[in-house]
Amino acid sequence: MSRNTQILSASFILALAACGGGTGPYGNPSNPGNPGNGTTVAATAGLTFSPNPLTINSGEIVTFAFGTVAHNVTFDAPNAATPADIPGNNANISVDRTFTTSGTYRFHCTIHPGMAGSIVVR
């Protein structure tokens, strides 16, 4: 292998390594289906949120795991305690949201009419 080929190969490997990790604009993205510090809600290719409903304790982190089909999360009746929506077309990413106040938080996917879920916070 020539010196130029070795340099190009090393540069390519470093560029690939730099693409992984880090956080994006939606919180703490990670490998889909890989739970964060709390409980995971999966947005499925079958156009459901699972589990539904999900019951958690106040202060827990919920990881919304988006698989290969793009989804988003919009809360139905936002108030001061409601976590931020997860806008856009999200696929192959997980996003964390923390629920700090008791209540029922209903949400839906604006991309897929009828795809809805809820989180009950004790």
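All values reported here derive from a predicted model rather than from experimental measurement.

Asks: Could you give me a rundown of the packing of aromatic side chains, with the residues and numbers involved?
Replies: Scanning the entire structure with this criterion turns up five aromatic pairs. Relative to F107, the ring of F64 lies with its centre 5.5 Å away and its plane at 90 degrees, an arrangement referred to as edge-to-face. Remark: F107 occurs in strand β8 (residues 103–108) and F64 occurs in strand β4 (residues 61–66); sequence separation between them is 43 residues. Exposure remark for F107: the relative accessible area of 1% places this residue in the buried category. With a centroid separation of 5.3 Å and 65 degrees between ring planes, the pair formed by F99 and Y105 is classed as edge-to-face. Like Y105, F99 is buried. An aromatic cluster is defined as three or more aromatic residues linked by ring pairs; in this entry it consists of F49, F64, F75, F99, Y105 and F107.

Asks: Go over the sheet that holds strand β2 (residues 49–50) with me, naming the residues and quoting the values.
Replies: An order of β2-β1-β4-β7 is seen for the four strands of this open sheet, with the pairing classed as mixed. Only two strands of the sheet have a single neighbouring strand rather than two, namely β2 and β7 (93–98). Note that strand β1 (residues 39–43) and β2 share two bridges and pair antiparallel. The partner of A43 across the bridge, within β2, is F49.

Asks: So, the sheet that holds strand β9 (residues 116–121): which residues are in play, and what are the values?
Replies: Strand order in this open sheet of five strands is β3-β9-β8-β5-β6, and the pairing throughout is mixed. Looking at strand neighbours, the two that pair on one side only are β3 (54–56) and β6 (86–90), the edges of this open sheet. For this sheet the average axis-to-axis angle between neighbouring strands, irrespective of direction, equals 25 degrees. Alignment of β3 against β9, held across three bridges, turns out to be parallel. Its bridge partner being in β9, I56 is matched across the sheet by V121.

Asks: Lay out the pairing of strand β5 (residues 71–75) in plain terms, naming residues and giving numbers.
Replies: Burial within β5 is extensive, with four of its five residues counted as buried. Here β5 pairs with β6 via two bridges, running antiparallel. Within β6, the residue paired with V73 across the bridge is I86. Strand direction decides the pairing type here: β5 and β8, joined by two bridges, are antiparallel. Across the sheet, residue T74 finds its bridge partner in β8, namely H108.

Asks: Can you explain the confidence of the model for the protein chain? Please cite residues and give values.
Replies: Looking at the protein chain as a whole, the pLDDT averages 80, with 69% of positions reaching at least 70. Across residues 4–37, where pLDDT falls below 50, the model places 32 contacts with residues more than four positions away in sequence or in other chains.

Asks: Report on unusual backbone geometry, specifying residues and quantitative values.
Replies: Cis geometry is adopted by the peptide bond preceding P51, which originates at S50 and carries an omega value of 0 degrees. With respect to the helices and strands, the residue P51 is situated in the loop between β2 and β3. Between N52 and P53 the backbone carries a cis peptide bond, its omega angle lying at 0 degrees. Relative to the elements of secondary structure, P53 occurs in the loop between β2 and β3. The phi dihedral of N92 falls on the positive side, at around 55 degrees, and the residue is not glycine. If you trace the backbone, N92 turns up in the loop between β6 and β7.

About the thresholds
Residues numbered from 1 in each chain as written. Predicted model: local features only at pLDDT ≥ 70, side-chain atom pairs only at ≥ 80, totals over all residues. Heavy atoms only, no water. Phe/Tyr/Trp six-rings, centres within 6.5 Å; stacked < 30°, edge-to-face > 60°. Helix = DSSP H or I, 4+ residues; strand = E, 2+ residues; numbered from the N terminus. Buried < 20%, exposed > 50% of the residue type's maximum accessible area, 1.4 Å probe, protein only. Pairing = 2+ DSSP bridges. Axes fitted to C-alpha atoms, helices over the stretch in contact; angles between N-to-C directions. pLDDT = per-residue confidence, 0-100. Contact = heavy atoms within 4.5 Å.

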